[in-house]
Amino acid sequence: YQRRVRGLQMEKGFSLNGQKYPQNTFKGRLYRFFNIIDPRTLFPKYFLGMSLEEAQDLLQRYKENNLPSNTTTEDLWKAKKIKESTIHPDTGKKIPMPFRYIYLLV
C-alpha cells in the first residue's frame, strides 16, 4: 500500500536499505532529516514504546524472516528510526547521548 503524508507519497512497504520517504524530492529528504533528529529518540522506550535493544532485535528478526505475526510496517519503520538515530552507521556502535545530532538542536 502507499500512504500520503501532507502531499508526499511514502514508499511502499518496508525495506532495511530503503527510506520511508522518497529521496528524490526536497520534501522527502527534509522529512527523513526530521525523522532522524526527532527528540523522542533520546528516550525511545518512553516516547516511542520500543527500546534500542528491542528495535535491533526486531530488525534482526526481519532479516531472518522471522517476525512476530502482530508486527506492522509502522513498527519496522519505528525500529529503523531508533536504530538510525542511535547507532553510528560506519562503526555500528551506540553513539553516546551528548554526541547525537539531536543534542545540537536541544
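Data block above holds the structure.
First, a word on scope: everything that follows refers to the structure included in this document. Worth saying up front: this structure is predicted, and the values here are computed from it rather than measured.

1. Description of the nonpolar core
(1) Moving on: Core analysis: the biggest nonpolar cluster contains 12 residues, these being F14, L48, M50, L52, A55, L58, L59, L76, W77, A79, I82 and I87.
(2) Moving on: Counting only elements with at least two residues in this core, the list comes to α3 (52-63) and α4 (73-86).
(3) Moving on: I82 has contacts with P44, L48, M50, L52 and A55, leaving out every residue within four places of it along the chain.

2. Some points on α4
(1) Moving on: Given a rise of 1.5 Å per residue, 14 residues ought to cover 20 Å, and the 20 Å separating the end C-alpha atoms of α4 matches this to within 8%.
(2) Moving on: Listed in full, the buried residues belonging to α4 are L76, W77, A79, K80, K81, I82, S85 and T86.
(3) Moving on: Where α4 is buried, its residues touch α1 (26-36), α2 (44-47) and α3.

3. Focus: the packing of aromatic side chains
(1) Moving on: By the definition in use, this model includes 4 aromatic pairs.
(2) Moving on: A centroid spacing of 5.0 Å and a plane angle of 85° characterise the contact between F14 and Y62, whose relative ring orientation is edge-to-face. Of the two residues, F14 sits in the loop between β2 (8-9) and α1 while Y62 sits in helix α3, which places them 48 residues apart along the sequence.
(3) Moving on: Ring geometry for Y21 and Y31: centres 5.2 Å apart, planes at 70°, overall edge-to-face.

4. Overview of a nonpolar patch on the surface
(1) Moving on: A contiguous nonpolar patch, built from F33, F34, Y101 and L104 and spanning about 440 Å² of accessible area, is present on the exposed surface.
(2) Moving on: Residue classification places F33 among the partly exposed positions, given a relative accessible area of 33%.

5. Looking at the pattern of salt bridges
(1) Moving on: On inspection of all chains with the given rule, the structure shows 5 salt bridges.
(2) Moving on: For K45, the salt bridge goes to E54, with nearest N and O atoms at 3.1 Å.
(3) Moving on: Judged by relative accessible area, which is 43%, K45 ranks as partly exposed.
(4) Moving on: With a shortest N-O distance of 3.9 Å, K80 and E84 are connected by a salt bridge. Remark: E84 and K80 occur in helix α4; sequence separation between them is 4 residues, near one turn of the helix.
(5) Moving on: We classify K80 as buried; its relative accessible area is 7%.
(6) Moving on: Look at E84 and you get partly exposed, because its relative accessible area is 29%.
(7) Moving on: What you see here is one network of salt bridges that share partners, running through D38, R40 and K81.

Thresholds applied
- Residues numbered from 1 in each chain as written.
- Predicted model: local features only at pLDDT ≥ 70, side-chain atom pairs only at ≥ 80, totals over all residues.
- Heavy atoms only, no water.
- Core = buried A, V, L, I, M, F, W, Y, C linked by side-chain atoms within 4.5 Å.
- Buried < 20%, exposed > 50% of the residue type's maximum accessible area, 1.4 Å probe, protein only.
- Helix = DSSP H or I, 4+ residues; strand = E, 2+ residues; numbered from the N terminus.
- Contact = heavy atoms within 4.5 Å.
- Expected span 1.5 Å × (residues − 1).
- Phe/Tyr/Trp six-rings, centres within 6.5 Å; stacked < 30°, edge-to-face > 60°.
- Patch = residues over 30% accessible without salt bridge, like charges linked within 9 Å, V, L, I, M, F, W, Y side chains within 5 Å.
- Areas by Shrake-Rupley, 256 points an atom, 1.4 Å probe, with all protein chains shown as cover.
- Salt bridge = Lys/Arg side-chain N within 4 Å of Asp/Glu carboxyl O.

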